[in-house]
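# Breakdown of the fold
The chain contents come next:
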Amino acid sequence: MNFYDLIVVGGGPAGSSTAYYASQKGLKVLVLEKKKVPRFKLCAGCISKRISSYLPPGWEKLVLNRISSGVLGYAGGESFEVPAEEDIAYIIDRSEFDAFLLEKAQGAGAHLLQECEFLHLDKEGERYRISTSKGTFYADYVVGADGFYSKVATSLGYRKNKFFKALEFFADGELSHKVLIDIGIVKRGYAWIFPKGNKVSIGVACNGSYNLAKVLKDYAEKRGFKNITRVYGWYIPYAESSRDVFYGKERILLTGDAGNLTDPLLGEGIYYAVWSGKVAVDAIISSPSNPTKNYKILLKDLVSELVYAGKIARLGYRFQKVAYKMAKKGALKTYYRLLTGNMSYKELFAKGLLDFLKELAYNYVWR
Ligand SMILES: Cc1cc2nc3c(=O)[nH]c(=O)nc-3n(C[C@H](O)[C@H](O)[C@H](O)COP(=O)(O)OP(=O)(O)OC[C@H]3O[C@@H](n4cnc5c(N)ncnc54)[C@H](O)[C@@H]3O)c2cc1C
């Protein structure tokens with residue numbers, strides 16, 4: 001039987017979250033994943049604590065490091081550490097984490113077809129005909145969760161134009177419970193050193209035209225990592241206004257990176273991927289004849305987060321030294337409230353704007 005209520009293209013966090021919630025609601029779901037699971041996904045694997053309520057039970061066993069402290073650096077030189085009173089984030093391994101989420105979706109009833117590449121879709125009567133490397137399938141609804149190079153999104157005419165380029169490599173090192181982020185390295189973006197079990201991941205993400213391999217090498221050397229092994233690269237799309245979001249069309253919705261639903265400040269995408277998967281299902285269930293219109297409405301809170309993260313990013317990256325000083329004076333600690341789900345980006349922006357302008361005036365006008 002090749003007929004489904006919903007076909008989800010892509011088995012990353014966005015796709016498995018969509019499949020998990022849709023199956024729980026009683027929909028007959030097929031997930032198409034072009035790779036063999038578990039598959040490698042380039043990622044620092046840092047999930048903020050606020051994601052917890054969207055994840056299926058049992059995910060905690062995948063946590064490699066519990067993060068309870070942050071270090072902010074400037075240009076690979078000076079830095080300061082701000083400990084938190086509780087865990088603010090967790091480090092997971094993406095191949096294990098994504099396989100776990102897919103397993104949970106299957107446990108809820110979804111069918112998974114691995115090593116099956118989505119090729120294109122056509123409308124056939126009231127249904128969608130989905131052509132793949134493993135044959136043809138039919139569905140009433142399609143969710144494109146196929147990441148940065150989403151073929152579902154391109155089939156709807158979308159073209160990405162806002163994204164970070166990111167390079168990352170893995171090395172021996174100990175950080176255990178803290179993450180290090182360095183600003184002042186590139187115009188818009190940052191470098192990081194995060195723990196990964198008893199190793200570390202070191203990377204840089206930016207949206208300018210740089211020789212990023214050199215930026216990463218120089219940064220890593222400044223922070224004491226001389227032997228750079230294999231460097232991996234990928235992209236992080238982002239939205240900083242509702243116009244940047246690829247919602248979808250008719251009964252085809254886009255979630256996660258396929259829809260550009262990633263934070264424009266730090267490039268955090270896993271949280272928004274699983275959140276958008278749940279919202280896509282809510283949109284289909286509550287408005288079966290026009291889910292895209294409903295998706296736009298239901299996604300408002302999520303998009304508002306990205307819009308305000310974008311406002312902070314534009315100011316913070318334009319005046320990075322000022323942002324660094326503000327973070328030292330208390331803004332980093334306030335940011336922890338966002339990571340734990342006790343504050344929104346809108347509140348963070350409203351709370352910090354006046355202080356930021358004062359700091360800016362102090363640094364640029366009164367000095
Ligand atoms: C270097 C780097 C570091 C990052 N670090 C973090 C971090 O620490 N924390 C964080 O929250 N985010 C991070 N991100 C962003 C995060 O990785 C993404 O936002 C997240 O993976 C989005 O999930 P997704 O399910 O939308 O897409 P993906 O995880 O990309 O999943 C898409 C899936 O679709 C499959 N697929 C693609 N095309 C097809 C096709 N035609 N047919 C069938 N299947 C297909 C792919 O194989 C893949 O499994 C990072 C990104 C990069 C590049």
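The model shown is predicted, which means the values in this text are computed figures rather than measured ones.

## Observations concerning the domain arrangement of the chain
By a widespread convention, an interface's size corresponds to the accessible area lost as its parts come together. One can read the domain layout of the chain as domain 1 (3-60 + 93-160 + 240-306), domain 2 (65-91 + 162-237) and domain 3 (319-364). For domain 1 and domain 2, the distance between their C-alpha centroids amounts to 28 Å. Every contact between the two is made by 26 residues of domain 1 and, on the other side, 24 residues of domain 2. Between domain 1 and domain 2, the buried area comes to about 2300 Å², and carbon and sulfur atoms account for 62% of it. Contact with domain 2 buries area across many residues of domain 1, yet Leu-42, Lys-49 and Phe-148 alone supply 27% of it, more than any other trio. In this structure, the connection of domain 1 to domain 2 is made through 4 salt bridges. Counting across the interface, domain 1 meets domain 2 through 12 residue pairs in polar contact (both at pLDDT 80 or more). In terms of residue class, the side of domain 1 that touches domain 2 is built from 12 nonpolar, 6 polar and 8 charged.

## Thoughts on the packing of helix H5 (residues 270-286) against helix H6 (residues 291-298)
The geometry of H5 relative to H6 is characterised by a closest axis approach of 8 Å and an angle of 135° between their N-to-C directions. With respect to H6, the axis of H5 lies oblique. When the axes of H5 and H6 are compared, the crossing they make is right-handed. Between H5 and H6, the contacting residues are Ser-276, Val-279, Ala-280, Asp-282, Ala-283, Ile-284 and Ser-286 on the first element and Pro-291, Asn-294, Tyr-295 and Leu-298 on the second. Grouping the amino acids of the contact of H5 with H6 by side-chain chemistry returns 7 nonpolar, 3 polar and 1 charged.

## Looking at the site of the ligand
In the vicinity of the ligand lie 37 residues, with Glu-33, Arg-39, Cys-46, Phe-118 and Asp-257 positioned nearest. Take Lys-34: an N or O atom from its main chain is 3.1 Å from a nitrogen atom of the ligand. Contact distances for the ligand include 2.8 Å between a nitrogen atom and a backbone N or O atom of Cys-46. When isolated, the ligand has an accessible area of 1000 Å², and the protein chains bury 95% of it. Contributing elements (two or more residues each) for the shell around the ligand: helix H1 (13-24), strand S12 (163-172), strand S16 (232-237) and H5. Tallied by class, the residues present in the shell around the ligand amount to 17 nonpolar, 9 polar and 11 charged.

## Section: the pairing of strand S15 (residues 199-206)
Of all 8 residues in S15, 7 are buried; the element is thus mostly enclosed. Summarising the sheet, S12 and S15 pair through 8 bridges and their orientation is antiparallel. The residue of S15 that forms the bridge with Glu-168 is Gly-203. Where strand S14 (residues 189-196) and S15 come together, 8 bridges link them in antiparallel fashion. Bridging from a neighbouring strand, Ala-191 pairs with Val-204 of S15. Taking the residues that link successive antiparallel strands as the turn, the S14-S15 hairpin has 2 residues, and the phi of Gly-197 there is positive, at about 65°.

## A few points about helix H2 (residues 94-107)
Under the 1.5 Å per step criterion, the end-to-end length of H2 is 19 Å for 14 residues, consistent within 8% with the ideal 20 Å. Of all the residues in H2, the buried ones are Arg-94, Phe-97, Asp-98, Ala-99, Phe-100, Leu-101, Leu-102 and Ala-105. Contact partners of the buried residues in H2: H1, strand S2 (29-32), strand S3 (46-48), strand S8 (111-113) and H5. At the exit of H2 stands Gly-109, carrying a positive phi of roughly 125°.

Reading the values: the criteria
- Residues numbered from 1 in each chain as written.
- Predicted model: local features only at pLDDT ≥ 70, side-chain atom pairs only at ≥ 80, totals over all residues.
- Heavy atoms only, no water.
- Domains from an automatic or database assignment.
- Contact = heavy atoms within 4.5 Å.
- Buried area = accessible area lost by both parts, 1.4 Å probe.
- Salt bridge = Lys/Arg side-chain N within 4 Å of Asp/Glu carboxyl O.
- Polar contact = N/O pair within 3.5 Å; in protein donor to acceptor, adjacent residues only side chain to side chain.
- Nonpolar A, V, L, I, M, F, W, Y, C, P; charged D, E, K, R; others polar.
- Axes fitted to C-alpha atoms, helices over the stretch in contact; angles between N-to-C directions.
- Helix = DSSP H or I, 4+ residues; strand = E, 2+ residues; numbered from the N terminus.
- Parallel < 35°, antiparallel > 145°, perpendicular 65-115°, else oblique.
- Left-handed = near helix turned anticlockwise from the far one by under 90°.
- Near = heavy atom within 4 Å.
- Areas by Shrake-Rupley, 256 points an atom, 1.4 Å probe, with all protein chains shown as cover.
- Buried < 20%, exposed > 50% of the residue type's maximum accessible area, 1.4 Å probe, protein only.
- Pairing = 2+ DSSP bridges.
- Expected span 1.5 Å × (residues − 1).

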